[in-house]
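# What the coordinates show
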Amino acid sequence: MKKIELLLPAGTEESLKAAVENGADAVYFGIDRFNARRRATNFELNKIKSIIDYCHENGVRAYCTLNILIKNEEIKEFFETIKTLYLAGIDAVIVQHLSFIPIIKQNFPDLEVHLSTQATITNSYFQYLIKQADRIVLPRELSEEEITSFIKKTKLPVEVFVQGAMCFSYSGKCLFSSFLGGRSGNRGLCAQPCRKKYNRSYLLSMKDLCLVKKIPELIKSGIVSLKIEGRLRSPKYVAAAAKLYRKAIDSHYEKNFTIDSELFKEMKLAFNREFTWGYYANLKNIISPEKPM
């Protein structure tokens, strides 16, 4: 039986090593352009081969996020970037534009294309547009029942977020930061105004998603990858989350599912905004008004 993939964030080289050394099956990271976390340290494109080689030497797959909205004048550079990544051995690129899938497939054989949660693939009627994609990253807003239904109807490989920040806007489609200061979240520059105080309370600040207790049913549903958010978080958080989820996943396959309380505590201490099962469990009380972090 093939195990479900544990996918960890890498916003810096230190976080990348923390993920690889603590149980990641795959990592996702951005370069210095075209990614939705441009405020992270990220990686230089001309040095990306050594990063990918390091991952592969340790049996870890490497995915690059190219998931912002691309402007017309950037299209040539965008595909030149994919070419460089492809020649360096990247396993997959994560994109937002549906229209790019056939172009990538035609020009870069064997390169996987994963559709970002930014693509907002919300129901099975999308299958006619996305059937060439190798994986769909579903929005955090979908419930357990909706995820299971999507998998059964489309038969497409699905990745879901199980840990980390949630966005007050639907699937990150937020214009708040753009309106306030011209820093678009859809271009990777969100200033996170949702984490600010309004009327003496953090009215828009969401709790952190945490689905580690749901791992058995997530695996049963047919999901292929469990994704942890956090390219802007510390290597300590990445390591703690990796250890916790790695041990929980392995214990399920050993038919003795457990959650290590010490590892859970370690992750909470590294970073948390109070945890929730969120939309996955159809919960409504998912705002953390007392504190933003």
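The rules behind the values
Residues numbered from 1 in each chain as written. Predicted model: local features only at pLDDT ≥ 70, side-chain atom pairs only at ≥ 80, totals over all residues. Heavy atoms only, no water. Helix = DSSP H or I, 4+ residues; strand = E, 2+ residues; numbered from the N terminus. Polar contact = N/O pair within 3.5 Å; in protein donor to acceptor, adjacent residues only side chain to side chain. Contact = heavy atoms within 4.5 Å. Disulfide = S-S within 2.5 Å. Buried < 20%, exposed > 50% of the residue type's maximum accessible area, 1.4 Å probe, protein only. Arc of directions from axis to C-beta. 1 Å grid on protein atoms, 1.4 Å probe; cavity = no way out; pocket = protein on both sides within 12 Å on 5 of 7 lines; lining within 4 Å. Points joined across faces, edges and corners; volume = space filled by probe spheres on them. Nonpolar A, V, L, I, M, F, W, Y, C, P; charged D, E, K, R; others polar. Pairing = 2+ DSSP bridges. Right-handed = clockwise from strand over helix to strand, strands pointing away. Phe/Tyr/Trp six-rings, centres within 6.5 Å; stacked < 30°, edge-to-face > 60°. Salt bridge = Lys/Arg side-chain N within 4 Å of Asp/Glu carboxyl O. Core = buried A, V, L, I, M, F, W, Y, C linked by side-chain atoms within 4.5 Å.

What follows is about the side chain of Arg-246. Tracing the backbone through its elements, the reader meets Arg-246 in helix α9 (residues 235-253). In terms of polar contacts, Arg-246 uses its side chain to reach the side chain of Asp-25, at 3.0 Å. With residues near it in sequence (within four places) discarded, Arg-246 still touches Leu-6, Asn-22, Gly-23 and Asp-25.

According to the stated counting rule, one finds zero disulfides in the structure shown. For the unlinked cysteine Cys-210, the closest cysteine sulfur is that of Cys-167, found at 19 Å.

When helix α2 (residues 48-57) is considered as a whole, its buried residues turn out to be Ile-48, Ile-51, Ile-52 and Cys-55. Burial along α2 is one-sided: seen end-on, the buried residues are contained in an arc of 95°. Among the structural elements, α1 (13-21), β2 (26-29), β3 (61-66) and α3 (75-88) are those in contact with the buried residues of α2.

Moving on, we come to the layout of surface pockets. By volume, the second largest pocket is sized at about 290 Å³. In terms of lining residues, the second largest pocket is bounded by 16 residues, among which Lys-2, Lys-3, Glu-5, Arg-135 and Val-224 are the most central. Contributions of two or more residues to the lining of the second largest pocket are made by β3 and β5 (112-115). Class assignment of the residues belonging to the lining of the second largest pocket gives a composition of seven nonpolar, one polar and eight charged.

Turning next to the pairing of β5. Two elements, strand β4 (residues 92-95) and β5, share four bridges in a ladder whose sense is parallel. What sits directly across from Val-95, in β5, is Leu-115. In terms of handedness, the path from β4 via helix α4 (residues 101-107) over to β5 forms a crossover that is right-handed. Pairing of β5 with strand β6 (residues 135-137), which is carried by two bridges, proceeds in the parallel orientation. In the sheet register, His-114 faces β6, and the bridge partner there is Arg-135.

Given two aromatic rings, their pairing is described by the distance between the two centres and the angle made by the two planes. Considering all chains together, one arrives at nine aromatic pairs under this definition. A centroid spacing of 5.3 Å and a plane angle of 70° characterise the contact between Phe-29 and Phe-43, whose relative ring orientation is edge-to-face. Placement of Phe-29 in strand β2 and of Phe-43 in the loop between β2 and α2 is noted, with a sequence separation of 14 residues between them. Take Phe-29 and Phe-43: they sit in the same class, and that class is buried. Ring geometry for Phe-34 and Phe-78: centres 5.5 Å apart, planes at 75°, overall edge-to-face. Of this pair, Phe-34 sits in the loop between β2 and α2 while Phe-78 sits in helix α3, and the two are 44 residues apart along the sequence. Using a relative accessible area of 0% as the deciding quantity, one classes Phe-78 as buried.

Let us now look at the pattern of salt bridges. Evaluated as defined, the whole model comprises 20 salt bridges. Among the salt bridges present, the one from Arg-246 reaches Asp-25, with a minimum N-O distance of 3.0 Å. One end of the pair, Arg-246, is in helix α9; the other, Asp-25, is in the loop between α1 and β2, with 221 residues separating them in the sequence. With relative accessibility at 26%, the residue Asp-25 sits in the partly exposed group. The closest approach of N and O atoms between Arg-33 and Asp-32, which form a salt bridge, is 3.1 Å. In this structure Arg-33 comes out as partly exposed when scored by relative accessible area, which is 25%. In the salt-bridge network here, residues are joined through shared partners; they are Lys-3, Asp-25, Arg-246 and Asp-250.

Looking now at the nonpolar core. The biggest cluster of nonpolar side chains holds 92 residues, and the ones touching the most others in it are Phe-29, Ile-48, Ile-104 and Tyr-245. When near neighbours in sequence (up to four residues on either side) are disregarded, Ile-104 contacts Phe-79, Ile-82, Val-93, Val-95, Leu-111 and Val-113.

If a probe the size of a water molecule is rolled over the atoms, the empty space left behind becomes visible. Evaluated as defined, the whole model comprises two cavities of 30 Å³ or more. For the largest cavity, the calculated volume is near 70 Å³. Along the walls of the largest cavity sit Leu-138, Pro-139, Arg-140, Leu-142, Ile-147, Val-160, Phe-161, Leu-209, Leu-211 and Tyr-280, which together make up its complete lining. Forming the walls of the second largest cavity are Thr-117, Arg-140, Glu-141, Met-166, Cys-167, Ser-171 and Gly-172. Residues belonging to the lining of the second largest cavity are distributed by class as follows: two nonpolar, three polar and two charged.

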